[in-house]
Amino acid sequence: MIQIDLIAGARPNFMKISPIIDAIKTALAEGKDITFRLIHTGQHYDKNMSGSFFEQLGIPEPDVNLGAGGGSQAEQTAAIMVGYEKLLLDTSKPDLCLVVGDVTSTMACAITAQKLLVKVAHVEAGIRSGDWSMPEEINRMVTDSITNYFFTTSEIANKNLKNAGVGEDRIFFVGNTMIDTLLKHRSRFQKPEVWDRLNLEKGKFLVMTLHRPANVDQEEKLKELIQKIVDHTLDLPLVFPVHPRTKKMLQNIGISHDRLHMIDPLGYLEFNYLVEKAKAVVTDSGGITEETTVMGIPCMTLRDNTERPETITQGTNELLGTDPKAIPPAMEKLFSGSWKTGQVPHLWDGKTAGRIVKVLLEKLG
């Protein structure tokens with residue numbers, strides 16, 4: 001029996017790991033010799049940021065919770081590595097450690113597994129922003145430098161890996177598991193409480209998310225960004241689910257407007273209900289740009305670079321940068337009706353997890 005450790009530690013991981021769990025269960029039911037152990041590192045522990053994802057996406061209770069909790073980058077990395085190492089030494093080692101995305105848990109468990117001679121597979125391998133100031137970029141690069149099997153979302157990621165010297169026999173272009181989750185649950189999106197409270201209407205409001213240090217760590221910069229967005233969104237409501245990191249800064253700058261509605265983080269089904277019905281999304285999140293691309297919703301990314309260029313070259317996303325001056329012309333383009341329509345990238349079809357499990361059976365069987 002092939003034993004797989006599935007690592008989940010933060011909100012994006014849960015969306016990416018859920019369809020893999022389903023695909024392994026399907027393979028097992030079909031008589032295939034493969035099973036899994038779900039390991040939650042505990043990297044994120046806010047109920048709305050993590051716990052509800054297990055419930056909404058039908059993810060089983062983790063077999064193990066390492067309880068790493070918060071702290072600095074180094075403290076989190078250390079806690080996860082110590083916890084996972086102890087688990088591997090105290091129990092039977094798996095045939096493979098499968099990590100997803102680019103959070104601290106991804107890198108920490110990949111390192112720990114390899115040092116104990118457990119092979120590593122990286123789902124969403126090969127994506128690059130080229131920006132070493134992003135912790136996620138370091139996590140990606142370190143993980144990919146010690147990975148055995150690379151599962152990619154795009155031809156661009158394939159090229160990045162080949163340029164880094166990875167052999168084609170270890171690269172598997174399978175698609176995007178986060179889109180598997182989106183397509184599976186799209187019919188189940190749930191209307192959040194804010195919808196009726198604000199009398200929201202389809203196509204007549206915007207959704208905004210901000211959490212990256214470049215946008216939220218400088219009070220004046222954050223205030224100017226939000227003010228520009230408010231000033232150039234006509235009379236439409238702005239729904240702003242506030243990340244815990246951003247909440248602390250907003251309390252200091254005291255910004256408010258009758259069209260700016262700051263709410264607590266939403267569950268997966270509620271948040272995407274809003275995204276699907278929004279006029280547009282303003283964000284600095286990478287994952288949201290993928291979801292808006294598939295749902296055909298205009299997206300403005302407040303970053304200077306992106307590790308998901310296919311959302312721009314093919315999708316509905318535009319990279320505005322972090323200068324507030326870029327917001328007015330982008331909003332003018334949106335409200336004039338000249339925003340691009342975009343298309344869904346190849347293999348973002350809801351069948352990615354099945355392709356991953358097929359490869360694992362072939363390689364490890």
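The structure displayed is predicted, hence computed values, not measured ones.

J.: Could you give an account of the sheet that holds strand 1 (residues 2-8), naming the residues involved and the relevant values?
T.: Spatially, 3-2-1-4-5-6-7 is the arrangement adopted by the seven strands of the open sheet, whose pairing is parallel. The sheet is open, and its two borders are formed by strand 3 (64-65) and strand 7 (171-173), each paired with just one other strand. With three bridges connecting them, strand 1 and strand 4 (residues 96-100) associate as parallel partners. Looking at strand 4, one finds that Leu-6 is bridged to Leu-98. Here helix 6 (residues 155-163) sits on the sheet in contact with strand 6 (149-152) and strand 7, set at roughly 170° to strand 7.

J.: So what about the environment of Lys-279? Which residues, and what values?
T.: With respect to the helices and strands, the residue Lys-279 is situated in the loop between helix 12 (268-277) and strand 11 (280-283). Distance from Lys-279 to Glu-307, taken between C-alpha atoms, is 24 Å for residues 28 residues apart in sequence. Not counting residues up to four positions away in its chain, the partners in contact with Lys-279 are Gly-203, Phe-205, Leu-206, Leu-236, Ile-297, Pro-298, Leu-334 and Phe-335.

J.: How would you sum up the side chain of Ser-285? Please name residues and give values.
T.: Inspection of the secondary structure puts Ser-285 in the loop between strand 11 and helix 13 (286-295). Every residue in contact with Ser-285, bar those within four places of it in the chain, is listed here: Thr-209, His-211 and Arg-303.

J.: Can you explain the pattern of salt bridges? Please cite residues and give values.
T.: With the rule as written, the count across this model stands at 22 salt bridges. For Lys-184, the salt bridge identified is with Asp-22, shortest N-O distance 2.6 Å. Of this pair, Lys-184 sits in helix 7 (residues 177-185) while Asp-22 sits in helix 1 (residues 11-29), and the two are 162 residues apart along the sequence. A relative accessible area of 47% means that Lys-184 is categorised as partly exposed. For Asp-22, a relative accessible area of 24% corresponds to the partly exposed category. With its nearest N and O atoms 3.6 Å apart, the salt bridge here joins Lys-204 to Glu-201. With a relative accessible area of 44%, Glu-201 lands in the partly exposed category. Through salt bridges that share partners, Lys-16, Asp-102, Glu-124, Glu-137, Arg-140, Glu-290, Arg-303, Glu-307 and Arg-308 make up one connected network.

J.: Requested: an account of the packing of helix 7 against helix 12, with residues and values cited.
T.: Running from N to C, helix 7 and helix 12 point in directions that differ by 85°, and their axes come no closer than 11 Å. With respect to each other, helix 7 and helix 12 are oriented roughly perpendicular. Of helix 12, the residues touching helix 7 (which contributes Met-178, Thr-181, Leu-182 and His-185) are Tyr-268, Leu-269 and Asn-272. Classifying every residue of the contact of helix 7 with helix 12 gives four nonpolar, three polar and no charged.

J.: Any details on unusual backbone geometry? Residues and values, ideally.
T.: Although it is not a glycine, Glu-124 adopts a positive phi angle of roughly 80°. As for its placement among the helices and strands, Glu-124 is situated in the loop between strand 5 (119-123) and helix 5 (135-145). Although it is not a glycine, Leu-234 adopts a positive phi angle of roughly 50°. Within the secondary structure, Leu-234 is located in the loop between helix 10 (219-231) and strand 9 (238-241).

J.: Quick rundown of the nonpolar core? Include the residues and the values.
T.: One finds Ile-4, Leu-6, Ile-20, Leu-98, Phe-151, Leu-274 and Leu-360 to be the most contacted residues of the largest nonpolar core, which totals 60 residues. It is helix 1 that contributes the most residues to this core, eight residues altogether. Apart from residues no more than four positions distant in its own chain, Leu-98 is found in contact with Ile-4, Asp-5, Leu-6, Ile-7, Ile-17, Ile-20, Ala-121, Val-123, Ile-356 and Leu-360. Core analysis: the next-biggest nonpolar cluster, separate from the first, contains 28 residues, Leu-210, Phe-240, Leu-260 and Leu-320 among them.

J.: Break down the packing of aromatic side chains for me, citing the residues and quoting the values.
T.: Considering all chains together, one arrives at three aromatic pairs under this definition. With centroids separated by 5.6 Å and ring planes inclined at 35°, the aromatic side chains of Phe-151 and Phe-172 adopt a geometry described as tilted. Of this pair, Phe-151 sits in strand 6 while Phe-172 sits in strand 7, and the two are 21 residues apart along the sequence. Accessibility classification places Phe-151 together with Phe-172 in one group, the buried group. Both rings, one in Trp-195 and one in Tyr-273, keep their centres 5.4 Å apart while their planes meet at 90°; by these two values the pair is edge-to-face. Of this pair, Trp-195 sits in helix 8 (residues 193-197) while Tyr-273 sits in helix 12, and the two are 78 residues apart along the sequence. Assigned by exposure class, Trp-195 and Tyr-273 land together as buried. Over the face of the ring belonging to Phe-271 we find Arg-11, whose NZ or CZ atom lies 6.0 Å from the ring centre.

Cut-offs applied
- Residues numbered from 1 in each chain as written.
- Predicted model: local features only at pLDDT ≥ 70, side-chain atom pairs only at ≥ 80, totals over all residues.
- Heavy atoms only, no water.
- Pairing = 2+ DSSP bridges.
- Helix = DSSP H or I, 4+ residues; strand = E, 2+ residues; numbered from the N terminus.
- Contact = heavy atoms within 4.5 Å.
- Axes fitted to C-alpha atoms, helices over the stretch in contact; angles between N-to-C directions.
- Salt bridge = Lys/Arg side-chain N within 4 Å of Asp/Glu carboxyl O.
- Buried < 20%, exposed > 50% of the residue type's maximum accessible area, 1.4 Å probe, protein only.
- Parallel < 35°, antiparallel > 145°, perpendicular 65-115°, else oblique.
- Nonpolar A, V, L, I, M, F, W, Y, C, P; charged D, E, K, R; others polar.
- Core = buried A, V, L, I, M, F, W, Y, C linked by side-chain atoms within 4.5 Å.
- Phe/Tyr/Trp six-rings, centres within 6.5 Å; stacked < 30°, edge-to-face > 60°.
- Lys NZ or Arg CZ within 6 Å of the ring centre and 35° of its normal.

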